[in-house]
Amino acid sequence: MFKVACESLEINFKVSSALVEIVRRISTRPRYILAKKLLTILAANLADSLVLLKGGITSSDLATKALEAKCAKVVGQALAGIPLWQLGPESRHPGVPYIVFPGNVGDSKALADVVKSWALPSRLSSTKELLLNAERGGYAVGAFNVYNMEGAEAVVAAAEEENSPAILQIHPSALKQGGIPLVACCVSAAEQANVPITVHFDHGTSKQELVEALDLGFDSLMVDGSHLSLKDNIAYTKYISLLAHSKHMLVEAELGRLSGTEDDLTVEDYEARLTDVNQAEEFIDETGIDALAVCIGNVHGKYPASGPNLRLDLLKDLHALSSKKGVFLVLHGAFPPSLPLPSGPCDGLEAMKAVVAEKMRLFGSSGKA
């Protein structure tokens, strides 16, 4: 009997070592990792890879040896009793969700439910469809920055009440803090909404973060090379556009440079540049983008007490160019405060919902879903 037990342990060790080595050799960054007593599922790119796994010790070895994780942050629960962790910054895949599925938790459908909830959804709408409809209908679609589940809930609730399309927008600093769970939350909220909602990655200023964003479930993304020379901005934007278009994602890019502050990105007044119409034509032709963010005097954050100083003549020329080229125009810094927050007892979600709804009415998108 002792011999049988030893042989069983030896088999377990060999299986565990083999699985650790297999996972160690996977270079593609997974969207998430799910470890169960008998299974580890690595969801990477558009396909799911299935790896056999045995025992809870192997789950630990997988995290510490194959993924080189020394710490992890508790994010919450994938389902009741199923912990959801986020791999630490020192791991081979920083920030990737790690779901540890105990063998004695949930019914026969629990594993399938978790996998389904993390699968890339089929979108009912795309950002391109939202903007095409807006162009035909003569209104604008608001892209609202969100930082947590409550923010996404507020935007969706306002959109449903106003019967308006909307875009959930995630800034790189928000992604850094909220990680993939934040994206998954927004994607799920968009999928389940009763009105057209899409999810957009905002102000991607580095190739690494943009390439990683390609596989997170975003419907569209912004390539922000506005800090570069025209030549380098074109090369940078073209490179990402080719990758994003291969995944059927809408690509926004910026030409010109907005001053002001958005999250942790600050551009001083002396760095600001209005968009040049001639450069814009070259930029559109060379990069193949779908949407162009322009600077006509708009800024991120607060405008001076005297109000915005907008070059509407320049906007008219840029709109004529973009219409000819089949490219959408985007204005950042288009949300100057115009509605005071509700007075008296009011939670943050209701306050945000009220402001979002007011902007939808301002943009003319209410009733257009």
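Conventions we followed
Residues numbered from 1 in each chain as written. Predicted model: local features only at pLDDT ≥ 70, side-chain atom pairs only at ≥ 80, totals over all residues. Heavy atoms only, no water. Helix = DSSP H or I, 4+ residues; strand = E, 2+ residues; numbered from the N terminus. Buried < 20%, exposed > 50% of the residue type's maximum accessible area, 1.4 Å probe, protein only. Contact = heavy atoms within 4.5 Å. Areas by Shrake-Rupley, 256 points an atom, 1.4 Å probe, with all protein chains shown as cover. Phe/Tyr/Trp six-rings, centres within 6.5 Å; stacked < 30°, edge-to-face > 60°. Lys NZ or Arg CZ within 6 Å of the ring centre and 35° of its normal. Polar contact = N/O pair within 3.5 Å; in protein donor to acceptor, adjacent residues only side chain to side chain. pLDDT = per-residue confidence, 0-100. Salt bridge = Lys/Arg side-chain N within 4 Å of Asp/Glu carboxyl O. Expected span 1.5 Å × (residues − 1). Pairing = 2+ DSSP bridges. Axes fitted to C-alpha atoms, helices over the stretch in contact; angles between N-to-C directions. Parallel < 35°, antiparallel > 145°, perpendicular 65-115°, else oblique. Left-handed = near helix turned anticlockwise from the far one by under 90°. Nonpolar A, V, L, I, M, F, W, Y, C, P; charged D, E, K, R; others polar.

Per an unreviewed UniProt entry, the protein chain goes by Four-carbon acid sugar kinase nucleotide binding domain-containing protein and derives from Salix brachista.

Caption draft 1: Structural detail: the overall build of the protein chain. What the protein chain contains, in helices and strands, is 11 helices and 15 strands. Within the protein chain, buried positions represent 46% of all 369 residues. Sequence separation of 24 or more characterises 64% of the internal contacts of the protein chain that already satisfy a separation of 6 or more. Entry remark: accessible area of the protein chain is about 18,600 Å², with carbon and sulfur atoms responsible for 57%.

Caption draft 2: Representation of the packing of aromatic side chains in the model. Inspection of the entire model under this criterion finds 1 aromatic pair. Seen from their ring centres, Phe 201 and Phe 218 are 5.3 Å apart, and the 50 degrees between their planes marks the pair as tilted. On the criterion of sequence distance, the pair formed by Phe 201 in strand E9 (residues 197–204) and Phe 218 in the loop between helix H7 (207–213) and strand E10 (220–223) is long-range, its members being 17 residues apart. Just as Phe 201 is buried, Phe 218 falls in that class too. Directly above the ring of Tyr 239 sits Lys 207, whose terminal nitrogen or CZ lies 4.4 Å from the centroid.

Caption draft 3: Up close: the side chain of Ser 322. With respect to the helices, strands and loops of the structure, Ser 322 is situated in helix H10 (residues 312–325). Here the side chain of Ser 322 touches His 319 through a polar contact of 3.0 Å, landing on its backbone oxygen. Those residues in contact with Ser 322, other than ones at most four positions away along the chain, are Val 327 and Leu 329.

Caption draft 4: Quick peek at the confidence of the model for the protein chain. Overall, the prediction assigns the protein chain a mean pLDDT of 82, with 81% of residues at 70 or greater. Overall, residues 43–55 carries pLDDT values under 50, and its contacts beyond four positions in sequence, including any with other chains, amount to 41 contacts.

Caption draft 5: Geometry of the pattern of salt bridges. All told, the structure shown has 12 salt bridges when counted by the stated rule. A salt bridge links Lys 247 to Asp 215, with the shortest nitrogen-to-oxygen separation between them at 3.1 Å. With Lys 247 in the loop between helix H8 (230–246) and strand E11 (250–255) and Asp 215 in the loop between H7 and E10, this residue pair connects regions lying 32 residues apart in the sequence. Accessibility expressed as a relative area gives 17% for Asp 215, which makes it buried. Via salt bridges that share partners, Glu 281, Asp 285, Lys 324 and Lys 325 belong to a single interconnected network.

Caption draft 6: Layout of helix H11 (residues 348–363). Taking 1.5 Å of rise per residue, 16 residues should cover 22 Å, and H11 covers 23 Å from first to last C-alpha, within 8% of that figure. Contacts from the buried residues of H11 go to strand E7 (143–145), helix H5 (149–162) and strand E8 (166–170). Gly 364, located one to two residues past H11, shows a positive phi value of around 85 degrees.

Caption draft 7: Representation of the side chain of Asp 224. Relative to the elements of secondary structure, Asp 224 occurs in the loop between E10 and H8. For Asp 224, the side chain forms a polar contact with the side chain of His 203, separated by 2.7 Å. There is a polar contact of 2.6 Å between the side chain of Asp 224 and the side chain of Ser 226.

Caption draft 8: Inspection of the sheet that holds strand E15 (residues 328–331) at higher detail. Overall, parallel pairing links the 7 strands, which are arranged E7-E8-E9-E10-E11-E14-E15 in an open sheet. Both edges of this open sheet fall to E7 and E15, since each of them pairs with a single strand only. The sheet shows a mean angle of 30 degrees between the axes of neighbouring strands, direction not considered. Note: E11 against strand E14 (residues 291–294), 4 bridges, orientation parallel. Note that in E14 the partner of Glu 252 across the bridge is Ala 291.

Caption draft 9: Examining the environment of Glu 162 more closely. Structurally, Glu 162 is set in helix H5. Under the relative-accessibility criterion, Glu 162 is labelled buried at 17%. Through-space distance from the C-alpha of Glu 162 to that of Val 195 is 9.5 Å; in sequence the pair is 33 residues apart. Side-chain polar atoms of Glu 162 contact the side chain of Arg 361, separated by 2.7 Å.

Caption draft 10: Quick look at the packing of H5 against H11. Relative orientation of the contacting elements H5 and H11 amounts to 45 degrees, with a least axis distance of 8 Å. Taken together, H5 and H11 sit at an angle that is classed as oblique. Crossing of H5 against H11: the hand is right-handed. Within the contact between the two elements, H5 uses Glu 150, Gly 151, Glu 153, Ala 154, Val 155, Ala 157, Ala 158, Ala 159, Glu 161 and Glu 162 and H11 uses Leu 349, Met 352, Lys 353, Val 356, Ala 357, Met 360 and Arg 361. Residues belonging to the contact of H5 with H11 are distributed by class as follows: 10 nonpolar, 1 polar and 6 charged.

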